[in-house]
Amino acid sequence: MLLCRSQLFRTVPFVSVFRRQLAKMPLPSQVHYDVPTTPITPQQIKPVVGLGPSESSGMSRLAAAAASALAKAPLDPIEQSKKLAAYTAVDNHVKPEHRVIGIGSGSTVPYVVERIVQQGEEVNKGRVFIPTGFQSKQLIVEAGLGLGDVDQYPTIDVTLDGADEVDHALNCVKGGGACHLREKVLAEAATTFILVADHRKNVQYLGTNFVQGVPIEVVPFAYAKVLQNLRHILGSPKATLRMAVKKGWFLQVPFTFELLVNIFWAAGPVVSDNGNFIIDAPFEREKMIDPYVIMAQIKMLTGVVEVGLFCHMAKAAYFGNSASLPFRTSDGSVTVRWQDGQVETIAPPADV
Ligand SMILES: O=C(CO)[C@H](O)[C@H](O)COP(=O)(O)O
């Protein structure tokens, strides 16, 4: 087909832009699958070595400078809250005589490990750390701490873990990261179980902010039956199988600005570290006022492996109150809720 000059003019830039976009689109093998993960903190960002330009090139120096600036930048208020809670809880509950320590999952836990490392090599070399999943295993290994498993150490001195929400009686929802089976085992195995979180997780009733529902781990072949039971017998009509999402860069328009279109679509069910599926089942407020009953009813359904409701298990929950948030406790303090119902607001360690 012959194109006239003006048609050619209009078409060539489009074709070249299209080719540039094609070149930028990821190959199927480069598309990554996002299961719910922990946000990366600035401290965790490191320049990638050995990919692309050499380490001494301008680009990698720029990346290194950016990463180091980020690492020095003040934490945003929510990250600061997590750090306040984690540091205070470690200082109060991880004592030199503790030898077996459970490390939970979630975005607050990196600060737990950071603080434990700060206790020093001398005390840590005699300790063994038990992870609740892949993330905490990596944290333990990367921190150079001793790794163990709960089958070797069925009695744990203290386990520290995050939570999706904690109510005023210290019941909590866990399993936003699909780790609640191992988390519950480590919580039960521990003499002392401590929760750490930012202030958003401190609620009167479960299901206030964390509305996606109670995470329930099920054996894959039973998931449809358990879903029916939850919807029609236990009163959770919106119970759903948790799906992973696939994320890809789909379109970029590189003229005066770049338009990044992020396409999310389902990529199959989320599979736990134990090879099981996860169902999220929201319940009415009345069932969440004392969640022990619904927890026991769900657990009785055949095919259910574990329920992400932890009732009467924690000794204390630590919530960081980040600075600079309007309309909240904004003094950088830490609220501690105790098993016996006591609540105190304390100053965090001076070096947080
Ligand atoms: O229970 C969990 C994972 O199964 C986590 O502890 C919980 O989801 C909290 O995570 P985050 O701090 O990232 O919100």
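Residue numbers here run from 1 along each chain, matching the order of that chain's written sequence. Since the coordinates come from a predicted model, pLDDT governs what is reported: local features require at least 70, and pairs of side-chain atoms require 80 or more to be given and counted, while whole-chain, interface and lining totals use all residues. Calculated side-chain values reflect all of the structure's heavy atoms, with hydrogen atoms and water omitted.

Peer 1: Which residues make up the environment of H199, and what are the values?
Peer 2: Runs of H or I in DSSP of at least four residues are treated as helices and runs of E of at least two as strands, each being numbered from the N terminus. Here H199 is to be found in the loop between strand 7 (190-198) and strand 8 (214-218). Sequence separation of H199 and V304 is 105 residues, and the distance between their C-alpha atoms is 31 Å.

Peer 1: Give me the site of the ligand: which residues, what numbers.
Peer 2: Taken together, 17 residues lie around the ligand, and S105, S107, D164, G175 and K201 are the ones closest in. Three categories are distinguished: nonpolar for Ala, Val, Leu, Ile, Met, Phe, Trp, Tyr, Cys and Pro, charged for Asp, Glu, Lys and Arg, and polar for the others, with Gly belonging to the last. Of the residues contributing to the shell around the ligand, the split by class is three nonpolar, nine polar and five charged. Consider each residue's heavy atoms; a residue with any of them within 4 Å of a molecule or strand counts as near.

Peer 1: So what about the sheet that holds strand 8? Which residues, and what values?
Peer 2: Strands qualify as paired when DSSP identifies two bridges or more between them. Taken together, the four strands give an open sheet; going across it, the order is 9-12-8-13, and neighbouring strands pair in antiparallel fashion. The two strands at the open ends of the sheet, each matched to only one other strand, are strand 9 (240-241) and strand 13 (304-307). In the packing of helix 7 (residues 180-189) onto the sheet, the strands contacted are strand 8, strand 12 (277-281) and strand 13, and the crossing angle to strand 13 comes to about 65 degrees. A contact between two residues is defined here by any heavy atoms of the two lying within 4.5 Å. Note on geometry: axes are C-alpha line fits, over the in-contact stretch for helices, and angles between N-to-C directions span 0 to 180 degrees. Here helix 8 (residues 223-232) sits on the sheet in contact with strand 8, strand 9, strand 12 and strand 13, set at roughly 10 degrees to strand 12.

Peer 1: Which residues make up the packing of aromatic side chains, and what values do they have?
Peer 2: Pairing of aromatic rings covers Phe, Tyr and Trp, the last counted by its six-membered ring, and requires centre-to-centre distances within 6.5 Å; plane angles under 30 degrees mean stacked, over 60 mean edge-to-face, and any other angle means tilted. Counted according to the given criterion, the structure contains three aromatic pairs. Relative to W338, the ring of Y318 has its centre 6.4 Å away and its plane inclined at 70 degrees; by these criteria the two rings are edge-to-face. Within this pair, whereas Y318 is found in strand 15 (residues 316-320), its partner W338 is found in strand 16 (residues 334-338), the two being separated by 20 residues in sequence. Here the term buried applies to any residue with accessible area under 20% of the maximum for its type, exposed to any over 50%, and partly exposed to those in between, with areas from a 1.4 Å probe on protein chains only. Judged by relative accessible area, which is 0%, Y318 ranks as buried. Sitting over the ring of F310, K174 keeps its end group 5.8 Å from the ring centre. For the cation-ring pair, K184 lies above F310, with the distance from its terminal atom to the ring centre recorded as 5.2 Å. Geometrically, a charge over a ring is one whose NZ (Lys) or CZ (Arg) sits within 6 Å of the ring centre while staying within 35 degrees of the ring normal.

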